Amino acid sequence: MRNLMDCRLYVITGESYHPGRKMIEVMEAALAGGADIVQLRDKNATAAELFGKAVELRRLTRRYGALFVVNDDVELALAADADGVHLGQDDMPLAQARHRAGRQLLIGISTHNIEQALAAERGGADYIGVGPVYPTPTKPGRQAVTTAYVAEAAAAINIPFFAIGGISPATAEAVLSAGARRLCAVSAVVGAPDPTGVCIALKRDIERWEARGSMRPESEHGAAAGEAKSDAPATAALTLLLNGKRISTGTATLGELAHSLGLAGRRVMAERDGEAVPRADWDTTRLQAGDRIEFVQFVGGG
Amino acid sequence: MRFAPIGTEGQRRLGDAAVLVAGVGALGCSLAQQMARAGVGFIRLADRDFVEPDNLHRQTLFDEDDAATSAPKAVAAAARLRRLNSEARIEPHVAEINAANVAALISGTDLVLDGTDNVETRLLLSDACFSRGIPFVYGGATGSSASAAALVPGETACLRCLIGEPGDTEPGDTCDTAGIIGPAVELAASLQAAEALKWLSGNREAMRRTWITADVWQFALRETKLPPGRSGCPYCGGAGGAQEAASSGRESRARAGWAEPSQTVTGGMDGARLQAHLSEPDRELNHMVATVLCGRGTVQVATGRETAPAHCADRLAGLGCEIVASNAYLVRARTPSGASLAVFGDGRALVRGVETPAEALELCRYYLMDKSP
């Protein structure tokens, strides 16, 4: 199973864009092209139909080692053993969803301005959607937020964010140059005759920008630590063991890692290579490749 | 004493030792029982609550009679412990552990065992213990998880350094929403008790100096090495406290008696806190503090006014309340509106069946404080 931090391309179902083709086949084509996350979104299906689709997508994404996210519905996400749930601003509040799902589900939040983005990050969201960057047929009537908001998010948000809304190989360049390093597409992928080809193109665009060195968070961390690495690619992500699982992260300190995992405000104890790290030292504890990091929930009952 | 590492000498030391069991709920019952049976000479118990039927599946010192009479946990536990070991001196305190009384509660002890159910009180105890060089043995249990760590001044970091400043209280800190099963409690308490016996019997080099987390359902056990005190921390940073510890136990225990908690209690230690802002001219009312006790639908109101339970029962009956239970330490009553009140002699009231802390304050003002109802 892919780690969220490694996910770059997020594709959402949209059956109205591919009449005559089966949803599961279209999504498999997207996965074959490198989609890292698939979200089930279907506002018209009955509960029973949704559950059937969720089960199918779960099986499919597992085969491809991709993450599977359910839109709106925490209970369905849990029932279908999804990796995450995605919530809009008008859906179940983040805190309530977290209370229900604990760490069992990743929780993503749609945001349309930087206040919502910061609130979601503070509230412990695992990732956010940033958009709609361009007007999109998927969300008719919603004001586009433009790449200005993408740039704001790139400067201020530490958890992964996916630019969404009118994302296609034609617009990817502008969105990536505004600072996005993760993209989410719907119609441009599932409505295309060749979803695999579109995904490959989008992934290639993302990787090209990654290789140039991202504006955040890596370059800033390097500067903060006073490191002379201006000519080295700042994207050199660290690989470490987090709670027993190998992950790759762009964060530089234990504090940033905790923040990126939504643990900053939580009562947790951190451990590095077998020894607890006092909370006040998190921000000065620099991560090294191969570190074994554990975050342990504080057990408070008695 | 056949267990060689303790031996006759260790057993004698246990007999001379004094501990505070802070909180006599599930963990506290197990801790107190293990200390009493091991022959620890002096056991001080502090708890703010009374026994209820739904405690009995995990709070092993209590029985149905205790629940029926709403016995305060500290008192019911003391009675039981005296039957287990008549030579041990057991000193129960029916009180909330707060900033006003924590120093008195830990004074004269060699070690403090954590049987509390919330982070705020643990931090308060850890701070106080580290300031005085007394080891604080943390324990926690929720659901099927158990945790324990012996935090030793001069050797390990304190609890505050490890789990951070209070304020970001989140669900799970204090609420037992996940339920709790006996085996998790007993494991946590046993891990704590083992470290305590090592410290008290003169086997300090055998202590683990780790933070242990375990789950008894999906079996898992992890040990994390504890870092040394953090320079800059006012509690574990200096090398001070430890020496004080060596002597504190014996000497101050000779000072008999324990100061009554201050009557200007300004705060419960956990959950949301609400200072009463009543328009009453009576200044005393403005000292009432409501604390939401998490996960129990209970609001604790510290009225700041001591009360004799029998007298209080008469008053409540006169105001139309049904008296559910009354003993030397507390009175429990149901108001005509269906709310329930448990009023302790130290002036605290536990209120259930209200929606908000403000409502609890209003209820206490009317039933407990007004001069001429």
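Along chain B, the regular secondary structure elements total eleven helices and 15 strands. Contacts spanning at least 24 positions in sequence make up 64% of the contacts within chain B whose residues lie at least 6 apart.

This part takes up the overall build of chain A. The secondary structure content of chain A amounts to eleven helices and 13 strands. Out of the 302 residues in chain A, the part that is buried amounts to 46%. Once local pairs closer than 6 in sequence are excluded, the contacts in chain A between residues at least 24 apart make up 60%.

All right, on to the interface of chain A and chain B then. Facing 18 residues of chain A, the contacting portion of chain B comprises 36 residues. Mapped by element, the contributors of at least two residues to the side of chain A that touches chain B are β11 (268–272) and β12 (275–277) of chain A. The residue makeup of the side of chain A that touches chain B, split by class, is seven nonpolar, six polar and five charged.

Another point: the pairing of strand β8 (residues 220–225) of chain B. Residue and element names in this part refer to chain B. Examined bridge by bridge, strand β7 (residues 210–215) and β8 share six bridges and lie antiparallel to one another. Bridge pairing in β8 places alanine 214 opposite leucine 221. Counting the residues between successive antiparallel strands, the hairpin from β7 to β8 contains four residues.

What follows deals with the nonpolar core. The tendency in soluble globular proteins is for nonpolar side chains to be buried as a group. One finds Val19, Val21, Ala32, Val40, Ile43 and Val112 of chain B to be the most contacted residues of the largest nonpolar core, which totals 126 residues. With eleven residues, helix α8 (residues 182–200) of chain B is the largest single contributor of residues to this core. The contact partners of isoleucine 43 of chain B, leaving out residues within four places of it in the chain, are Val19, Val21, Ala32, Met35, Ala36, Leu81, Ala88 and Ile90 of chain B. Core analysis: the next-biggest nonpolar cluster, separate from the first, contains 70 residues, Leu67, Ala80, Ala180 and Leu202 of chain A among them.

This part takes up the packing of helix α1 (residues 23–32) of chain A against helix α9 (residues 195–212) of chain A. Residue and element names in this part refer to chain A. Interhelical geometry of α1 versus α9 gives an angle of 35° and a closest axis separation of 7 Å. The crossing of α1 and α9 is right-handed. Within the contact between the two elements, α1 uses Val26, Ala29, Ala30 and Ala32 and α9 uses Pro195, Thr196 and Cys199. Tallied by class, residues from the contact of α1 with α9 come to six nonpolar, one polar and no charged.

Once that is clear, we can look at unusual backbone geometry. Glycine 131 of chain A connects to proline 132 of chain A through a cis peptide bond whose omega is 0°. Of note in this structure, asparagine 243 of chain A is not a glycine but carries a positive phi near 45°. Among the structural elements, asparagine 243 of chain A can be located in the loop between β9 (238–242) and β10 (245–249). One non-glycine residue, arginine 209 of chain B, lies in positive phi territory at about 55°. By secondary structure assignment, the location of arginine 209 of chain B is in the loop between α8 and β7.

Another aspect to go through is the pairing of strand β6 (residues 127–130) of chain A. All names here are of chain A. Of the two faces of β6, the one holding Tyr127 and Gly129 and the one holding Ile128 and Val130 are both buried throughout. As paired strands, strand β5 (residues 106–111) and β6 are joined by four bridges and run parallel to one another. Of the residues in β6, the one forming a bridge with glycine 108 is tyrosine 127. Crossover connection from β5 via helix α5 (residues 114–122) to parallel β6: handedness right-handed.

Three or four residues apart is the spacing at which side chains of an α-helix point the same way, because the helix has 3.6 residues per turn. Residue and element names in this part refer to chain B. Its 13 residues place the ends of helix α2 (residues 26–38) 19 Å apart at the C-alpha level, agreeing with the 18 Å of an ideal helix rising 1.5 Å per residue. Burial of α2 is extensive: twelve of the 13 residues sit out of reach of the surface. Two residues or fewer after α2 comes glycine 39, characterised by a positive phi angle close to 95°.

Of the residues in chain A, 92% reach a pLDDT of 70 or more, and the chain-wide mean stands at 87. This model gives residues 214–235 of chain A a pLDDT under 50, and the stretch forms 31 contacts once residues within four places in sequence are excluded.

Another point: the sheet that holds strand β8 (residues 183–185) of chain A. Residues and elements named next belong to chain A. Here we have eight strands rolled up into a closed barrel, ordered β1-β2-β3-β4-β5-β6-β7-β8, and parallel in their pairing. With direction set aside, neighbouring strand axes in the sheet form an average angle of 25°. Pairing between strand β4 (residues 84–87) and β5: four bridges, direction parallel. Across the sheet, the residue bridging to leucine 87 is isoleucine 109, located in β5.

Definitions and limits used
Residues numbered from 1 in each chain as written. Chains lettered and ligands numbered in written order. Predicted model: local features only at pLDDT ≥ 70, side-chain atom pairs only at ≥ 80, totals over all residues. Helix = DSSP H or I, 4+ residues; strand = E, 2+ residues; numbered from the N terminus. Contact = placed C-beta atoms within 7 Å. Buried ≥ 20, exposed ≤ 12 C-beta atoms within 10 Å, placed from the backbone. Nonpolar A, V, L, I, M, F, W, Y, C, P; charged D, E, K, R; others polar. Pairing = 2+ DSSP bridges. Core = buried A, V, L, I, M, F, W, Y, C linked by C-beta atoms within 7 Å. Axes fitted to C-alpha atoms, helices over the stretch in contact; angles between N-to-C directions. Left-handed = near helix turned anticlockwise from the far one by under 90°. Right-handed = clockwise from strand over helix to strand, strands pointing away. Expected span 1.5 Å × (residues − 1). pLDDT = per-residue confidence, 0-100.

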